[in-house]
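What follows is the residue order along each chain.
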Amino acid sequence: MDYMKKSVKDVDVKGKKVLLRCDFNVPQDADGNITDDKRIREALPTLRYLLDEGAAVIVCSHLGRPKGERKMKYTLTPVAKHLSELLGREVSMSFDITGPDALRLCSEIKPGQVVMLENLRFDPGEEKCDSEFSKKLSSFADIYVNDAFGAAHRAHASIVGVAEYLPAVSGLLIEKELRVMGGAMENPEHPFIAIMGGAKVSDKLGLIGSFIGKCDAILIVGGMAYTFFKAMGGSIGSSICDDKSLELVKDLMAHAEEKGTKIYLPLDTVVSDTFSNDGNFETVEAGHVPGTFMGMDIGPKTVEKYGEIIKSAKTIVWNGPAGVFEMPNFSRGTEGIARAVAESEAVSIIGGGDSAAAIEKLGLENKVTHVSTGGGAAIEFLEGLELPGIACLLDK
Ligand code: AMP
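Described in the following lines is the structure provided in the data block.

What counts and what doesn't
- Each chain has its residues counted from 1, following the order in which its sequence is written.
- With the structure being a predicted model, the display of local features is reserved for residues of pLDDT at least 70 and the display and counting of side-chain atom pairs for 80 or more, all residues being used for whole-chain, interface and lining totals.
- Each side-chain value is derived from all of the structure's non-hydrogen atoms; neither hydrogens nor water enter the calculation.
- By the criteria applied, helices consist of DSSP H or I runs no shorter than four residues and strands consist of E runs no shorter than two, each listed in order from the N terminus.
- Exposure above 30% relative accessible area and the absence of a salt bridge qualify a residue for a patch, where like charges join within 9 Å and nonpolar side chains (Val, Leu, Ile, Met, Phe, Trp, Tyr) within 5 Å.
- Each accessible area is a Shrake-Rupley estimate made with a 1.4 Å probe; only the visible protein chains count as cover when residues are assessed.
- Any carboxyl oxygen of Asp or Glu that lies within 4 Å of a side-chain nitrogen of Lys or Arg is treated as forming a salt bridge with it.
- Under the counting rule used here, the positive set is Lys and Arg, the negative set is Asp and Glu, and His together with the chain ends is not counted.
- By convention, charge coordinates are those of NZ in Lys, CZ in Arg, CG in Asp, or CD in Glu.
- Method remark: on a 1 Å grid restricted to protein atoms, a set of points is classed as a cavity if a 1.4 Å probe fits but cannot get out and as a pocket if it is open with protein on both sides within 12 Å along at least five of seven lines; lining residues have an atom within 4 Å of a point.
- Grid points are joined across faces, edges and corners, and a volume is the space filled by probe spheres set on the points.
- Lys, Arg, Asp and Glu make up the charged group, whereas Ala, Val, Leu, Ile, Met, Phe, Trp, Tyr, Cys and Pro make up the nonpolar group; the residues left over, Gly among them, are polar.
- Here, a strand pair is defined by DSSP locating no fewer than two bridges between the strands.
- Here an angle of 0 to 180 degrees is reported between the N-to-C directions of two axes, which are lines fitted to C-alpha atoms, with helices fitted over the stretch in contact.
- Contacts described as polar in this section are N or O atom pairs within 3.5 Å, which, within protein, must combine one atom able to donate a hydrogen with one able to accept it, while residues neighboring in sequence count only if both atoms come from side chains.
- Note that the term roughly parallel is reserved for angles under 35 degrees, roughly antiparallel for angles over 145, roughly perpendicular for angles of 65 to 115, and oblique for everything else.
- Note: crossing handedness is left-handed where the near helix turns anticlockwise from the far helix by less than a right angle, and right-handed where it turns clockwise.
- The criterion used for residue contact is that any of the two residues' heavy atoms lie within 4.5 Å.

### Digging into unusual backbone geometry
- The residue after histidine 190, namely proline 191, is reached through a cis peptide bond having omega 0 degrees.
- By the element assignment, proline 191 lies in the loop between helix 6 (172-186) and strand 7 (192-196).
- Phi angles above zero are rare outside glycine, and lysine 67 is one such case at about 55 degrees.
- Checked against the element boundaries, lysine 67 lands in the loop between strand 2 (56-60) and helix 2 (77-87).
- We note that cysteine 129 has phi near 55 degrees; this positive angle belongs to a residue other than glycine.
- Mapped onto the secondary structure, cysteine 129 falls in the loop between helix 4 (124-128) and helix 5 (131-138).

### Remarks on a positive patch on the surface
- On the surface, Arg65, Lys67, Lys71, Lys73 and Arg154 cluster together to form a positively charged patch.
- Along the polypeptide, arginine 154 turns up in the loop between strand 5 (143-146) and strand 6 (168-170).

### Let's talk about empty space enclosed by the protein
- For the structure shown, the criterion picks out one cavity of 30 Å³ or more.
- In this structure, the largest cavity encloses a volume near 70 Å³.
- The wall of the largest cavity is formed by Cys22, Asp23, Arg39, Glu42, Ala43, Asp147, Ala148, Gly150, Leu173 and Thr373.
- Per-element accounting of the lining of the largest cavity gives the leading share, three residues, to helix 1 (residues 38-52).
- Tallied by class, residues from the lining of the largest cavity come to four nonpolar, two polar and four charged.

### Remarks on the pattern of salt bridges
- Per the counting criterion, the structure on display carries 15 salt bridges.
- For lysine 38, the salt bridge identified is with glutamate 42, shortest N-O distance 3.2 Å. Placement of the pair is lysine 38 and glutamate 42 together in helix 1, with a separation of four residues, close to one helical turn.
- Put simply, lysine 38 and glutamate 360 hold a salt bridge, and the shortest N to O gap is 3.3 Å. Of this pair, lysine 38 sits in helix 1 while glutamate 360 sits in helix 12 (residues 353-361); the two residues are 322 residues apart in sequence, bridging distant segments of the chain.
- Here the salt bridges do not stand alone but share partners, grouping Lys38, Glu42 and Glu360 into one network.

### Structural notes on the sheet that holds strand 14 (residues 294-298)
- Overall, antiparallel pairing links the three strands, which are arranged 12-11-14 in an open sheet. The sheet terminates laterally at strand 12 (281-285) and strand 14, the two strands that pair on one side only. The average angle at which neighbouring strand axes cross in this sheet is 40 degrees, direction not considered.

### Notes on the side chain of histidine 62
- Note that histidine 62 resides in the loop between strand 2 and helix 2.
- Polar contacts involving the side chain of histidine 62 include one to the side chain of arginine 21, which spans 3.2 Å.

### Details of the packing of helix 1 against helix 2
- Direction vectors running N to C along helix 1 and helix 2 enclose 60 degrees, while the axes themselves pass 11 Å from each other. With respect to helix 2, the element helix 1 is oriented oblique. As for the relative orientation of helix 1 and helix 2, their crossing is right-handed in sense. Counted together, Ile40, Arg41, Leu44, Leu47, Arg48 and Leu51 of helix 1 and Val79, His82, Leu83, Leu86 and Leu87 of helix 2 form the full contact between these two elements.

What follows is the structure in structure tokens.
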């Protein structure tokens, strides 16, 4: 199993230089202020562990999409400053990634000290997984630790390339993601229920397909429900729909029936005449969305029905909001699902992205078993796909 990988606890880091890949891709406002430091706080356990064990830590991450160019809008300097405040020790910011400043700081670094390299994506070699760039990056350290679960599905230099040159292990964050999600997926207690929502149907059909035969029920919510309704011959008005996925959805429904996995579609839908919080809205029967209206959320009957199914579950995976939860008029469905999942006694896994944001917004993150820090990576992992950034770590 992929989750049987070595972690920082399985190697001796005392007196060693450690290259630590974090996911510091934090949201910032127009002035560069960090608006949510969750990703930085999540890196603290591994960082503190390494420092306490006597390692010197060279931290690296990407931020945004500078596309191989040095664009100062995406500098990691504010992240280094904030990390330093949270850690209570100095974090020396390198001007470059593999240039003279990094070389100097990384050769002078001592156990207990932290250096942060500049945004990895300033170098085109990062996303291309260039071997020269990987080699230079790894030359600074004795051990490579990956704790960036959110980027583990990307075969980039700092995720995969460096593992060719250094012993590679996971940090505590990735270790937890693999243990909890891997454990739950390997032998889920039944009833095993998946709740699938969000807007991007095509990204999630693979995951839904992998749940067929494994799950007892799949509850469809959010924007993806309209592609299902259209495939089944329902009226969806001007709701979001992925016409390219209609045939696949029909196949999935047939396959689910064959395998005994029940796919539930919403009973009612909150519709609006504009894609905004200020439009006229009402609740209608699902699959009967009138003309120019669009489906924005699941309705109260669906919340109630799904709530009962969720209550009976022993294992729950939830990925994707039940509606346009960013708009208060259309957030009730997502809130209802979040509360039902939080109240359930089941092993509950929130597969990252917007469902994680919704659970956190409601302050319910401690009422579920696990909130993944990966969006796309969590989907691929739950689907049973091999993540390049996990596959390259040393086996236990
Ligand atoms: P995803 O990245 O696929 O998980 O999609 C998340 C996005 O789906 C959120 O920004 C939601 O606003 C959006 N979403 C959820 N339900 C709907 C809907 N009925 N119509 C349009 N967008 C939706």
